[in-house]
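For reference, the chains in residue letters:
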Amino acid sequence: MHTPQAASPPSLQAWQVILGGISSLVLTLGLARFAFTPLLALMQAQAGLSDAAGGWLAAINYMGYMSGALLASWLESPRWRHRLYSLGLCLSLVITALMGLSDNFWVWALSRYLGGLCGAAGMLLGSGLVLNWLMRSGHRPELGLHFMGIGLGIIVSALGALLMARLSLPWAQQWWGFAVFGLLFLIPAWAWRPPVPATPVPAPTTAATAVHAAADLRKPSRAWTAWMTAIYFCAGWGFVISATFTVTIVERQPLLAGQGPWAWLLVGLAAMPAVFLWDRVARRVGELQALLMAFALQCVSVLVPAASDSLAAALCGALLYGATFIGIVSMTLALVGRRSPANPGKAMARLTLSYGLAQVCAPALSGAMAQASGNYRAALLLTALVLLLGMAGLWRLIRLEQREQRAPQNQLEEVSRAR
């Protein structure tokens, strides 16, 4: 469904905005955040980083992410949102290089905190700008293509770690190598930034699009928002455990030493096509129903490696995790962003505060549990329980939304018949 091309800003094409957004996610998440995952085991071996300290660094990263989400939830000015997004692109390279400049925990903590801010800039401000541009330009308001950048970022971080390990580079030089890789993505991310939104989203011009838009832009009730906030907290918990510890969990198995980056690569390879598949599933069965399916599969993804120490279990868990977390993020943020077309990034940021809170709590607790027990089994079982709670919340939200839709849908049908 497209409106006339004249609605699009003349200086940018849709493929440029999408590719620029993908590059920004590779930069602000794939390198500034996800490079920590394949390098964590190496830093533990060469720089003396403990399980608990590794967990705290991940928690500090998400403190930064949550700080960025809080700032984004307050910002009203489109111009300032655009400026901070641009700053986050450049800062991502600086903080990635900073990780290799010292073996001091507090230098690492500063880098991880600023990396969290950069992640929020790319994920929330950047995604909001892309979604706003798509809606204003008459394109389908979905973020599946855009969120390919998360999967690609994981692939880049995994392949980069594998390449630099083959070159026998120490941990510090690997961080600098990632900063150099980042230059390749900074150029398109900067050149093809979506412009500052200048006008509201155009009103629909046909009865069919009016019905579709009214269903999407319906302001959510307080109960709907509260349930979605709790559900996204559970999603954040499920996301961060695997995002932080996938490589380390694999490397801890005596027979799997050296295989960790391959598991992380599999996560990225599974995430890349998953964004399209979940968009299709959501169109067919509904977004909340698709979210319920994604939660169920992600629960399996943490139970499988908890039940077995085999390579097959580790790879199966990585595959299912990569195929699900991206769908949960994409569908949730797109759903919330479409209901706030004037400032989708702000709506995404408010919801992401609960996601960020889980990402602060989960790795710190899991790192402490792993250090106490010597393995991550208890942390994985706790994560599965949290995901089950999220599924229960989704089931409740589906029933709530079905009730809320009845009255507005009847009104829309009367308007359509009148036309």
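Residues numbered from 1 in each chain as written. Predicted model: local features only at pLDDT ≥ 70, side-chain atom pairs only at ≥ 80, totals over all residues. Heavy atoms only, no water.

(A) A look at the overall build of the protein. A count of helical and extended segments in the protein gives 14 helices and zero strands. Each of the 419 residues in the protein was classed as buried or not, and the buried ones make up 57%. Across the protein, every contact between residues at least 6 apart in sequence was considered, and the portion connecting residues at least 24 apart equals 83%. (Helix = DSSP H or I, 4+ residues; strand = E, 2+ residues; numbered from the N terminus. Buried < 20%, exposed > 50% of the residue type's maximum accessible area, 1.4 Å probe, protein only. Contact = heavy atoms within 4.5 Å.)

(B) Region of the structure containing the packing of helix α5 (residues 105–136) against helix α12 (residues 311–338). It is the contact of α5 with α12, at a shortest axis distance of 11 Å, that shows an interaxial angle of 60°. It follows from the interaxial angle that α5 and α12 lie oblique. For the element pair α5 and α12, the recorded crossing hand is right-handed. Contacts between α5 and α12 involve Met123, Leu131 and Met135 from the former and Val329, Leu333, Gly337 and Arg338 from the latter. Tallied by class, the residues present in the contact of α5 with α12 amount to five nonpolar, one polar and one charged. (Axes fitted to C-alpha atoms, helices over the stretch in contact; angles between N-to-C directions. Parallel < 35°, antiparallel > 145°, perpendicular 65-115°, else oblique. Left-handed = near helix turned anticlockwise from the far one by under 90°. Nonpolar A, V, L, I, M, F, W, Y, C, P; charged D, E, K, R; others polar.)

(C) Geometry of the side chain of threonine 383. With respect to the secondary-structure elements, threonine 383 resides in helix α14 (residues 377–418). Setting aside chain neighbours within four positions, we find threonine 383 in contact with Trp237, Gly238, Ile241 and Val302.

(D) The arrangement of the environment of threonine 37 in detail. Structurally, the position occupied by threonine 37 is in helix α2 (residues 36–46). The spatial distance from the C-alpha of threonine 37 to the C-alpha of serine 157 is 8.4 Å, given a sequence separation of 120 residues.

(E) Representation of a nonpolar patch on the surface within the structure. On the surface, Trp56, Met63 and Tyr113 cluster together into a nonpolar patch covering about 280 Å² of accessible area. What makes tyrosine 113 partly exposed here is its relative accessible area of 31%. (Patch = residues over 30% accessible without salt bridge, like charges linked within 9 Å, V, L, I, M, F, W, Y side chains within 5 Å. Areas by Shrake-Rupley, 256 points an atom, 1.4 Å probe, with all protein chains shown as cover. Salt bridge = Lys/Arg side-chain N within 4 Å of Asp/Glu carboxyl O.)

(F) Unusual backbone geometry, seen in detail. Not every positive phi belongs to a glycine, and serine 168 is a case in point at roughly 60°. Checked against the element boundaries, serine 168 lands in the loop between α6 (148–166) and α7 (171–191).

(G) The arrangement of the nonpolar core in detail. Formed by 123 residues in total, the largest nonpolar core has its most connected members in Met123, Phe147, Ile150, Phe239, Phe295 and Phe325. Take this core: its biggest share by element is 15 residues, from helix α9 (residues 222–251). What phenylalanine 325 contacts, discounting residues up to four positions off in sequence, is Ile150, Ile154, Phe239, Val267, Ala271 and Gln298. (Core = buried A, V, L, I, M, F, W, Y, C linked by side-chain atoms within 4.5 Å.)

(H) Geometry of the packing of helix α11 (residues 287–307) against α12. Two elements in contact, α11 and α12, have axes whose closest approach is 8 Å; the angle formed by their N-to-C orientations is 155°. Comparing their axes, α12 and α11 come out roughly antiparallel. Between α11 and α12 lies a crossing whose hand is left-handed. Of the residues assigned to the contact of α11 with α12, the class counts are 17 nonpolar, six polar and two charged.

(I) Spatial organisation of α2. Along α2, eight of the 11 residues are buried, which leaves the element largely enclosed by surrounding structure. Burial in α2 covers these residues: Phe36, Thr37, Pro38, Leu39, Leu40, Ala41, Met43 and Gln44. Looking one or two residues beyond α2, the residue adopting positive phi is glycine 48, at roughly 75°.

(J) Representation of the side chain of arginine 136. By the element assignment, arginine 136 lies in helix α5. Here the side chain of arginine 136 touches asparagine 132 through a polar contact of 2.6 Å, side chain to side chain. (Polar contact = N/O pair within 3.5 Å; in protein donor to acceptor, adjacent residues only side chain to side chain.)

(K) Region of the structure containing the packing of aromatic side chains. This structure, assessed with the given rule, holds 13 aromatic pairs. With centroids separated by 5.5 Å and ring planes inclined at 85°, the aromatic side chains of tryptophan 108 and tryptophan 171 adopt a geometry described as edge-to-face. Placement of tryptophan 108 in helix α5 and of tryptophan 171 in helix α7 is noted, with a sequence separation of 63 residues between them. Its relative accessible area of 10% is what places tryptophan 171 among the buried residues. Members of the aromatic cluster, each reached through a chain of ring pairs, are Phe34, Tyr232, Phe239, Trp264, Tyr321, Phe325 and Tyr355. (Phe/Tyr/Trp six-rings, centres within 6.5 Å; stacked < 30°, edge-to-face > 60°.)

(L) Here's a closer look at the confidence of the model for the protein. On average, residues of the protein score 83 in pLDDT, and 85% of them are at 70 or above. Ranking the helices and strands of the protein by mean pLDDT puts α7 first, with 95, and helix α8 (residues 207–216) last, with 42. For residues 1–10, every residue scores under 50 in pLDDT, and the model assigns this stretch 17 contacts once sequence neighbours within four places are set aside. In this model residues 200–217 is a low-confidence stretch, pLDDT under 50, and it forms 20 contacts with partners more than four residues away in sequence or in other chains. (pLDDT = per-residue confidence, 0-100.)

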